[in-house]
Amino acid sequence: MKLWVVVSSCLVIATGCVGEDEEEGGGLVADSVCSSGLRWTGGNEESPLMHPGMDCVSCHAGGEGPDFLAAGTVYGQLDEPDDCAGIAGVTVQITDANGKTVTSTTNAAGNFYFDARTALAFPVMAKVQLEGREKMMSIAQSTGACASCHVAVPSETLPGRIVAP
């Protein structure tokens, strides 16, 4: 399968979070609709694997779970449906307005996030890396809600999913 990187007008920020559910793959089941072959079926069960592709930042700002400064999912294709697992092991490097750089790796669902205690000065630039290949965003971002732009159905103004290199 050929994988392309598409990272444009929205922020990509990542940090791995490995917990018991992730190690066991809790909430992820086989699904042929998803390019990864896995879909989240755990509903709103608290897990770092929950709801790949959905707007983590906005949902968590509503009082459920920890607050996130930034979060999203990295996929294998542009039009992956919500709740399909993404690509594990993708490194995301963020450089903030003051030159501070942070890096992390996507989890088993392709999800990544920084909690609200992470100190980054917006706007930020992001770079996605996998197996020696990389793609850098071309425009600095002022939001950490990656899925507010990186949606399942690309359009003229929305670039589609964040896709692994």
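Relevant structure appears above.
Residues numbered from 1 in each chain as written. Predicted model: local features only at pLDDT ≥ 70, side-chain atom pairs only at ≥ 80, totals over all residues. Heavy atoms only, no water.

Engineer: Even after reading the chapter, I still don't get the pairing of strand β3 (residues 68–75), so can you show me in this structure?
Structural biologist: For a regular strand, side-chain orientation follows a simple rule: the groups alternate between the two sheet faces. Burial analysis of β3 places eight of its eight residues in the buried class, which makes it a mostly covered element. With two bridges connecting them, β3 and strand β9 (residues 162–163) associate as parallel partners. Within β9, the position partnered with Val74 by the bridge is Ile162. (Buried < 20%, exposed > 50% of the residue type's maximum accessible area, 1.4 Å probe, protein only. Helix = DSSP H or I, 4+ residues; strand = E, 2+ residues; numbered from the N terminus. Pairing = 2+ DSSP bridges.)

Engineer: Sorry, what's going on with the environment of Thr41 here?
Structural biologist: Take Thr41: it is sitting in the loop between β2 (38–40) and α2 (56–61). When the C-alpha atoms of Thr41 and Asp83 are compared, they prove to be 7.7 Å apart, with 42 residues separating the residues in sequence. The residues contacting Thr41, other than those within four sequence positions of it, are Gly27 and Val29. (Contact = heavy atoms within 4.5 Å.)

Engineer: Just to check I follow, could you spell out the sheet that holds β3 for this structure?
Structural biologist: Sheets are built from strands paired through backbone hydrogen bonds, the pairs being either parallel or antiparallel. Read across the sheet, three strands follow the order β6-β3-β9 without closing on themselves; strand pairing throughout is mixed. What marks the edges here is a single partner per strand, and that holds for β6 (111–115) and β9.

Engineer: Just to check I follow, could you spell out the side chain of Asn111 for this structure?
Structural biologist: Structurally, Asn111 can be placed in strand β6. One polar contact links the side chain of Asn111 to the main-chain carbonyl oxygen of Met50, over a distance of 3.2 Å. (Polar contact = N/O pair within 3.5 Å; in protein donor to acceptor, adjacent residues only side chain to side chain.)

Engineer: What is the right way to look at the pattern of salt bridges in this model?
Structural biologist: Where charged atoms of side chains with opposite charge meet at close range, the side chains can pair. The tally for this structure, following the rule as stated, stands at five salt bridges. Salt-bridge contacts for Arg39 lead to Asp31; the nearest nitrogen and oxygen are separated by 2.5 Å. Lys127 serves as the salt-bridge partner of Glu134, at 3.8 Å between the closest nitrogen and oxygen. (Salt bridge = Lys/Arg side-chain N within 4 Å of Asp/Glu carboxyl O.)

Engineer: I tried to follow the pairing of strand β4 (residues 91–95) on my own but got confused; where do I start?
Structural biologist: Of the two faces of β4, the one holding Val92 and Ile94 is buried and the one holding Thr91, Gln93 and Thr95 is not buried anywhere. The sheet contact formed by β4 and strand β5 (residues 101–105) spans five bridges and is antiparallel. In the strand pairing of β5, Thr95 is matched with Thr101. Counted between consecutive antiparallel strands, the loop separating β4 from β5 contains five residues, among which Gly99 sits at a positive phi close to 90°. Where β4 meets strand β7 (residues 125–130), five bridges bridge the pair, whose relative direction is antiparallel. Bridge pairing in β7 links Thr95 to Met125.

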